[in-house]
Amino acid sequence: MSTPPTVLFICQHNAGRSQLGAYLLNDIAPGRVNATSGGIAPADHTSPVVVEALNELGIDTSAAVPRPVTAADLTAADIVVTMKPGLAVPGPVAGRLVEWGFPDPDNWGIDGVRELRDRILEQVRALALEISVPE
């Protein structure tokens, strides 16, 4: 049995976009992928509105804690997804680098975050198909 691919989602604060990416990918491909996330300058907590938007889909985010992305994370990941083009990461990416362009949802209301969640979900589904991780 082969090891599931590791996908690392990175954003600035690891409080919104990267949390959405990792939780959504783990939700649509449970056990078939290891999705994690990190931030360049982590926030103190995950955005409550992001937590609410994920909980609406039945996704448990009780373990969501922003954390810094490390050089070791970049080396271990098969795919690194930055949620903002040109994001400065703390070292070289050993696997494939994918750059997405999603706005920072800091201080957004639930309607805006729902729309962002759904846009990220579309990208996550396409990525899962690309790496042969069916829903």
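Residues numbered from 1 in each chain as written. Predicted model: local features only at pLDDT ≥ 70, side-chain atom pairs only at ≥ 80, totals over all residues. Heavy atoms only, no water.

A.B. asks: Just checking my understanding: could you explain the packing of helix α2 (residues 48–55) against helix α4 (residues 110–130) for this structure?
C.D. replies: In a pair of packed helices, the angle between the axes and the distance between the axes together describe the arrangement. At a closest axis distance of 9 Å, the pairing of α2 and α4 adopts a crossing angle of 60°. Here α2 lies oblique to α4, going by the angle between them. For the pair α2 and α4, the crossing hand works out as right-handed. Counted together, Val 49, Val 50, Glu 52 and Ala 53 of α2 and Ile 110, Val 113 and Arg 117 of α4 form the full contact between these two elements. By residue class, the composition of the contact of α2 with α4 is five nonpolar, no polar and two charged. (Axes fitted to C-alpha atoms, helices over the stretch in contact; angles between N-to-C directions. Helix = DSSP H or I, 4+ residues; strand = E, 2+ residues; numbered from the N terminus. Parallel < 35°, antiparallel > 145°, perpendicular 65-115°, else oblique. Left-handed = near helix turned anticlockwise from the far one by under 90°. Contact = heavy atoms within 4.5 Å. Nonpolar A, V, L, I, M, F, W, Y, C, P; charged D, E, K, R; others polar.)

A.B. asks: What exactly am I supposed to notice about the sheet that holds strand β3 (residues 79–82) here?
C.D. replies: Remark on secondary structure: sheet strands pair via backbone hydrogen bonds, oriented parallel or antiparallel. Judged by pairing direction, the sheet is parallel, and its four strands sit side by side in the order β2-β1-β3-β4 without closing on themselves. The two strands at the open ends of the sheet, each matched to only one other strand, are β2 (34–39) and β4 (96–99). When the angles between neighbouring strand axes are averaged without regard to direction, this sheet yields 20°. Note that β3 and β4 share four bridges and pair parallel. (Pairing = 2+ DSSP bridges.)

A.B. asks: Looking at this structure, how should I read the packing of aromatic side chains?
C.D. replies: The geometry of two aromatic rings is summed up by the distance between their centres and the angle between their planes. Counted by the stated rule, this structure contains two aromatic pairs. Ring centres of Phe 9 and Trp 100 lie 6.0 Å apart, and the angle between their planes is 55°; this geometry places the pair in the tilted category. Here Phe 9 is found in strand β1 (residues 6–11), whereas its partner Trp 100 is found in the loop between β4 and α4, with 91 residues between them in sequence. As far as the burial class goes, Phe 9 and Trp 100 line up, both buried. A centroid spacing of 6.0 Å and a plane angle of 85° characterise the contact between Trp 100 and Phe 102, whose relative ring orientation is edge-to-face. For Trp 100, a relative accessible area of 7% corresponds to the buried category. (Phe/Tyr/Trp six-rings, centres within 6.5 Å; stacked < 30°, edge-to-face > 60°. Buried < 20%, exposed > 50% of the residue type's maximum accessible area, 1.4 Å probe, protein only.)

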